[in-house]
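# Descriptive analysis of the structure
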Amino acid sequence: MIQVFFQYQFLTYTLYTGLMIGLIAPIIGVFLVVRRLSLISDALSHITLSGIAFSLLLGRHYIFFSTLNPIYMGMIFSVGGALFIEKLRNVYRYYKELAIPIILSAGIGIGVVFISLANGFNNDLFQYLFGSVVAIRQSDFELIRFITVIVIILFILFYKEWFYLSFDEDQAVVSGIPKKTLHVLFIVVVALVIAASMRIVGILLVSSLMTLPVAAAMRWAKGFKQMFFYSIVFAEVSVLLGLISAFHLELAPGGTIVMISVLILLVSILLTKKRTT
Amino acid sequence: MTKHISPYAIEINNVSFSYGQRNVLQDIHLKIPQGSFLGLVGPNGSGKSTLIKCILGLNTPNKGEIKLFGETVEKFHHWSEIGFVSQKANSFNSGFPATVYEVVSMGLYGKVGLFRFLNKKHKLKVFDAINKVGMGDYIHQNIGELSGGQQQRVFIARALVSDPKLLILDEPTVGVDAKSVKNFYLMLKKLNVENGMTLILVTHDIGAMTEYITDVACLNKCLHFHGGTNEFVENQEEMISSMYGHDVQILTHNHDHDHDHVHDHDDYDHELGRSSS
């Protein structure tokens with residue numbers, strides 16, 4: 001079943017890209033979930049959509065953009081949106097969660113306007129919304145490989161600081177950890193991971209790979225390090241089974257990956273009934 | 001490590017602080033010598049926690065200056081020499097997936113610094129600190145599975161693991177049973193006497209601890225009293241009525257410590273009496 005992924009170059013790219021995303025999405029997801037920021041991934045994925053729509057629109061008028069991978073523009077929008085969320089969280093100090101619906105609706109609004117300007121939906125856009133097994137290009141693979149390396153390095157370097165800030169911000173600041181810099185760095189990494197994952201699972205389901213495996217891991221993990229272990233295992237299993245079944249059943253991989261994640265989550269809840277998290 | 005020329009752990013000069021229009025602290029002068037064990041007492045909303053936040057650099061005073069070991073807070077860099085156990089420790093996100101070991105390790109993160117990792121020596125220190133507070137049997141348990149008193153001991157271990165010269169505790173015994181409270185005070189006394197650690201304990205329950213502390217400071221927006229514990233006990237009635245600003249009756253109960261108890265109409269009963277017992 002999986003052999004076919006090694007027979008065709010483009011499927012091999014899809015497989016490796018999927019596995020890389022199955023690694024970095026839950027890593028970032030663990031921090032997002034314990035900080036109660038999991039909705040940020042939804043907001044950022046929608047702003048990524050505007051970036052992609054913008055790039056597709058520009059592609060109709062300028063040769064340069066028609067050859068450029070739209071993921072770059074999506075990434076720029078995503079990082080911009082992330083920084084804007086941070087700004088908004090400071091403006092509405094007592095209503096911090098307000099930043100998320102603002103960016104989310106702004107993202108869809110701008111995206112829809114760009115889409116209509118570009119004369120409506122086409123197949124390309126559909127693939128961005130729900131993910132695709134066959135759409136991964138070499139340039140996607142290379143970009144996502146680069147992002148994966150960056151994320152892993154930052155994760156190793158700043159694991160202890162991000163852990164401390166997530167657990168107890170005041171104490172972390174008192175101990176001399178530079179909160180602002182590390183937080184902005186983190187949110188930029190989130191934006192990059194979202195833009196990267198979108199190719200496989202699609203914009204509408206990006207947040208699933210960051211939250212569902214983490215939610216399942218929470219039922220099993222003893223300690224923070226184990227959270228990463230379980231989340232990554234669950235995410236990789238979902239990606240692998242999801243991609244294979246999507247290819248053979250000709251489904252959008254986003255949906256199948258999410259369905260398998262949900263299944264893992266339900267089984268985890270059933271098997272760990274006693275725990276309250 | 002560092003040269004501490006100042007005989008004072010903390011010097012507060014003419015500090016005022018307000019939240020918007022509301023004045024919380026007014027013209028506070030307070031010098032805390034190294035090696036003392038200070039009880040900082042005052043009713044709810046008297047600005048105790050605000051003052052602590054100013055000392056820790058989490059709040060910036062509108063007026064005045066605070067020095068830590070002879071250096072202004074802005075220029076102070078040796079934050080690992082200051083241990084802090086916050087009031088919030090009682091209401092932290094108790095579902096956070098972190099083990100006792102992981103939580104106590106955090107106490108070393110500031111000292112170890114960015115881009116560096118914990119080594120064997122650090123790990124031994126973590127084990128030491130956990131054993132010191134008697135939590136050795138729970139080292140790989142999730143923090144959320146422990147009782148309030150046990151969690152508090154873990155947070156003390158986290159504050160102690162970096163060998164601080166100054167330990168600040170904000171209402172550390174809220175939600176801890178009476179028996180553990182006594183052992184807890186004895187442990188602090190030992191740190192003060194044997195290790196020469198400067199301690200500040202914020203509380204509204206001064207009665208239970210007069211036999212452990214060396215100095216008392218009474219705060220209610222302004223500083224009403226600062227002096228030795230004996231002096232405070234002798235003039236307790238005066239102190240308390242001046243601090244609360246209206247008539248309060250003092251009733252003497254014969255509890256195990258045989259300390260004065262304060263009774264008011266009813267609001268302050270809770271704040272000065274042994275509210276938890």
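Conventions used here
Residues numbered from 1 in each chain as written. Chains lettered and ligands numbered in written order. Predicted model: local features only at pLDDT ≥ 70, side-chain atom pairs only at ≥ 80, totals over all residues. Heavy atoms only, no water. Helix = DSSP H or I, 4+ residues; strand = E, 2+ residues; numbered from the N terminus. Rg over C-alpha atoms; globule rule 2.2 N^0.38 Å. Buried < 20%, exposed > 50% of the residue type's maximum accessible area, 1.4 Å probe, protein only. Contact = heavy atoms within 4.5 Å. Areas by Shrake-Rupley, 256 points an atom, 1.4 Å probe, with all protein chains shown as cover. Lys, Arg positive; Asp, Glu negative; His and termini not counted. Charge placed at Lys NZ, Arg CZ, Asp CG, Glu CD. Salt bridge = Lys/Arg side-chain N within 4 Å of Asp/Glu carboxyl O. pLDDT = per-residue confidence, 0-100. Pairing = 2+ DSSP bridges. Axes fitted to C-alpha atoms, helices over the stretch in contact; angles between N-to-C directions. Buried area = accessible area lost by both parts, 1.4 Å probe. Polar contact = N/O pair within 3.5 Å; in protein donor to acceptor, adjacent residues only side chain to side chain. Patch = residues over 30% accessible without salt bridge, like charges linked within 9 Å, V, L, I, M, F, W, Y side chains within 5 Å.

## Digging into the overall build of chain A
Helix and strand counts for chain A come out as 13 helices and zero strands. Reading chain A from its N end, one meets helices and strands in the order α-α-α-α-α-α-α-α-α-α-α-α-α. Computed over C-alpha atoms, the radius of gyration of chain A comes to 19 Å, within 12% of the 19 Å expected from 2.2 N^0.38 for 277 residues, which places it in the range of a compact globule. For chain A, buried positions account for 56% of its 277 residues. Long-range pairs, those at least 24 residues apart, make up 75% of the contacts in chain A between residues at least 6 apart in sequence. Of the accessible surface of chain A, which amounts to about 12,100 Å², a share of 69% is contributed by carbon and sulfur atoms. Distance between charge centres in chain A, computed from 19 positive and 12 negative side chains, equals 7 Å.

## Regarding the environment of Leu58 of chain A
All names here are of chain A. Looking at the element boundaries, Leu58 is found in helix α3 (residues 39-61). For the pair Leu58 and Phe114, spaced 56 residues apart in the sequence, the C-alpha separation amounts to 9.4 Å. Those residues in contact with Leu58 that lie beyond four places of it in its chain are Phe65 and Met73.

## What about the pattern of salt bridges?
Residue and element names in this part refer to chain A. Counted by the stated rule, this structure contains 12 salt bridges over all chains. Glu161 is paired through a salt bridge with Lys160; the nearest N and O atoms lie 2.9 Å apart. Since its relative accessible area comes to 1%, Glu161 is described here as buried. Owing to a relative accessible area of 6%, Lys160 belongs among the buried residues under this scheme.

## Re the confidence of the model for chain B
All names here are of chain B. The predicted model of chain B has a mean per-residue pLDDT of 80, with 83% of residues at 70 or higher. Note on residues 247-277: pLDDT under 50 across the span, and 63 contacts to partners over four residues away in sequence or across chains. This prediction of the complex comes with two scores: 0.84 for pTM and 0.87 for ipTM.

## A closer look at the sheet that holds strand β1 (residues 8-19) of chain B
Residues and elements named next belong to chain B. Judged by pairing direction, the sheet is antiparallel, and its four strands sit side by side in the order β2-β1-β4-β5 without closing on themselves. What marks the edges here is a single partner per strand, and that holds for β2 (22-33) and β5 (71-72). Looking at chain direction, β1 and β2 are connected through eight bridges and run antiparallel. Following the sheet pairing, Val15 is matched in β2 by Ile28. Contacting β1, β2 and β4 (63-68), helix α1 (residues 48-55) crosses the sheet at an angle of about 120° to β1.

## Points about the interface of chain B and chain A
Taken together, the 31 residues of chain B in the interface contact 29 residues of chain A. Between chain B and chain A, roughly 2,700 Å² of surface is buried when both sides are summed, and carbon and sulfur atoms account for 65% of that area. Per-residue buried area on chain B facing chain A is highest for Phe96, Pro97 and Tyr109 of chain B; these three make up 23% of the total on that side. Counting the contacts that link chain B with chain A gives three salt bridges. For Lys222 of chain A, the salt bridge goes to Glu145 of chain B, with nearest N and O atoms at 3.3 Å. Counting every contact that joins chain B to chain A gives 10 residue pairs in polar contact (both at pLDDT 80 or more). If you list the elements that add at least two residues to the side of chain B that touches chain A, you get β6 (82-85), α2 (100-112) and α4 (148-160) of chain B.

## Observations regarding a positive patch on the surface
Residue and element names in this part refer to chain A. On the surface, Lys87, Arg93, Lys96 and Lys180 cluster together into a positively charged patch. Of note, Lys87 is situated in helix α5 (residues 70-91). The exposure class assigned to Lys87 is exposed, which follows from its relative accessible area of 58%.

## Side note on the sheet that holds strand β8 (residues 198-203) of chain B
All names here are of chain B. The strand order β6-β7-β8-β3-β9-β10 describes an open sheet built from six strands, whose pairing is mixed. With partners counted over all chains shown, the strands left at the sheet margins are β6 and β10 (222-228), one partner each. Taking the axes of each pair of neighbouring strands and ignoring which way they run, one obtains an average angle of 15° across the sheet. Two elements, strand β7 (residues 166-170) and β8, share five bridges in a ladder whose sense is parallel. When the sheet's bridge partners are listed, Leu169 is paired in β8 with Leu201.

## Remarks on unusual backbone geometry
Glycine aside, residues mostly have negative phi angles, and peptide bonds mostly take the trans form. Located in the positive-phi region is Arg36 of chain A, a residue other than glycine, with phi close to 60°. With respect to the helices, strands and loops of the structure, Arg36 of chain A is situated in the loop between α2 (9-34) and α3. A relative accessible area of 61% places Arg36 of chain A in the exposed class. Phi at Glu171 of chain B takes a positive value of approximately 45°, unusual for a residue other than glycine.

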